[in-house]
Amino acid sequence: MSSFDNTHITALTDLINKAVQDIIAEYAAAGRAVPSLDTLESGLFQVPEETPARLTKAIQIVEAACAQLSCTVAPPGSVMINKSLEHEEPACLLVVTEARIADLLLDKPEGLPVSELASHSGLDTRKLTRILRLLATKHCFKEVKPGVFANNRLSMKLLSSDTVSSIVCLLTDESLRASAYLNETLTDPSEMDGGIPFIRATGYPFFDYHKTGSRKGNASQGPWLGGNGHATMNLMKAHPHIKVVLQDQPQVIDMAQKFWAKEYPAAMEKERIQFIPFDFFKDAAVQGCDFYYIRSILRDWPDTESELILKNVRQAMKQGSRVIIHDTVLRDAVRTPESSSDASVRRDVAPEPLLPNYGVARVRTYELDMAMMNLLNSQMRTLPEFIELG
Ligand SMILES: C[S@@+](CC[C@H](N)C(=O)[O-])C[C@H]1O[C@@H](n2cnc3c(N)ncnc32)[C@H](O)[C@@H]1O
């Protein structure tokens, strides 16, 4: 690169400009303008299945390129201090989510003074003001007048009726607490906690902690842990010849039966679904199925346990049975020969000069991998790691 070569940043602004035009075009095709941060109704494209591929890609390019551009042009020391302070935002999110501040602001577009929010939630007015000001500075909530806050497009996701808010609670409470002990468990190992930061932080394994009643807030276990078979339900609706046997722990299967009786009773009446509880460490899966669909399971377990789960599936398989593993795949943050030679991988590689794995646009996966490590000593995997496990 010559001393006057600025293409490493102009290429990023070119990507951003093109992606923004794509985003505008996709909304225009749906007869809308791109909603501003002040928009409160949930609007279009809330779930991946309803989002056009071009829009998804353009959004990821904007997220990745803006972050890369900022990291490139800002003073490195300033970037690193900012990164080191990022835990303050989740800490504040937990306070406002448990205090149900978004609920208190519902249908109040002109906002409420913090004194009123504080008296409803029992929090200290001046501290809550500082918390909301930080969050508004990061685009969650809007400060409409000094000391008066209203909901915006992001804070609406903190409504207690929105499942995102229970995931926010789990990640900003248990997960944040565990991460604070990562360095200590790595550098000062102890047999007492088996190298698991969550145990070092709380004294309990993750699943036992919930039985202690220590969690008081509104985080449900639903979206994080639940195996009610909702992913299979859509498949069955689209393909009437498919029959399913749902297997999970007994208490989960009980909940799943109620869920299906309400959401898809026809499948139960026509005996297209069976519910068979099991322990995937002790029991073989149901014998002789055509497909064994293992979704979001192996990420919860280290290799030894994952191998046992797969062996218990293999025991049940007949000639011609297939295993489908549906899980998140981690990717390297560097371009490799495989990323340019394999067409299926190449399709999903970010354009240069972005990181090939889309950097910050997909960083959630890498952060959830850390959460798995800190909470459960489990792991997400790269494709070679899945292949080796197989
Ligand atoms: C992340 S959830 C995934 C659920 C479901 N497959 C899905 O995709 O929605 C992990 C599931 O593993 C189940 N699980 C944990 N330990 C188990 C065991 N020993 N035997 C059977 N299921 C277990 C949990 O009950 C939970 O439903």
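The rules behind these values
- Residues numbered from 1 in each chain as written.
- Predicted model: local features only at pLDDT ≥ 70, side-chain atom pairs only at ≥ 80, totals over all residues.
- Heavy atoms only, no water.
- Helix = DSSP H or I, 4+ residues; strand = E, 2+ residues; numbered from the N terminus.
- Expected span 1.5 Å × (residues − 1).
- Buried < 20%, exposed > 50% of the residue type's maximum accessible area, 1.4 Å probe, protein only.
- Core = buried A, V, L, I, M, F, W, Y, C linked by side-chain atoms within 4.5 Å.
- Phe/Tyr/Trp six-rings, centres within 6.5 Å; stacked < 30°, edge-to-face > 60°.
- Lys NZ or Arg CZ within 6 Å of the ring centre and 35° of its normal.
- 1 Å grid on protein atoms, 1.4 Å probe; cavity = no way out; pocket = protein on both sides within 12 Å on 5 of 7 lines; lining within 4 Å.
- Points joined across faces, edges and corners; volume = space filled by probe spheres on them.
- Nonpolar A, V, L, I, M, F, W, Y, C, P; charged D, E, K, R; others polar.

If you check an unreviewed UniProt entry, the protein chain appears there as S-adenosyl-L-methionine-dependent methyltransferase from Lentinula boryana.

Once that is clear, we can look at helix α19 (residues 363-376). For α19, built from 14 residues, the straight-helix expectation of 20 Å at 1.5 Å per residue is met to within 8% by its first-to-last C-alpha distance of 20 Å. By the burial criterion, the buried members of α19 are T365, D369, A371, M372, N374, L375 and L376. Immediately beyond the C-terminal end of α19, within one or two residues, lies N377, with a positive phi of roughly 60 degrees.

Let us now look at the nonpolar core. Within the largest apolar cluster, 23 residues are counted, with the highest numbers of intra-cluster contacts made by V96, I101, L128, L132, L135, F141 and L158. Where this core is concerned, the elements lending two or more residues are α4 (88-98), α5 (101-104), α6 (114-121) and α7 (125-137). Looking at this core element by element, the count peaks at five residues for α7. Counting residues in hydrophobic clusters, the runner-up holds 18 residues, among them L15, Y27, A64 and L354.

This part is about the packing of aromatic side chains. One pass over the structure, following the stated rule, counts 11 aromatic pairs. Arranged with centres 6.4 Å apart and planes meeting at 75 degrees, the rings of W260 and F275 form a pair that is edge-to-face. Placement of the pair is W260 in helix α14 (residues 250-263) and F275 in strand β5 (residues 273-275), with a sequence separation of 15 residues. The exposure class of W260 is buried, given its relative accessible area of 0%. Within the aromatic cluster, the residues linked to one another by ring pairs are F198, Y204, F206, F207 and Y209. The residue whose ring lies beneath K237 is Y264, and the NZ or CZ to ring-centre distance is 5.2 Å.

Volume-wise, the second largest pocket comes out at about 260 Å³. Contributing to the lining of the second largest pocket are E307, L310, K311, R314, M317, V323, I325, F386, L389 and G390. Put simply, the parts of the chain that give the lining of the second largest pocket at least two residues each are α16 (303-314), β7 (322-326) and α20 (383-389). No other element matches α16, which puts four residues into the lining of the second largest pocket. Here the residues of the lining of the second largest pocket sort into six nonpolar, one polar and three charged.

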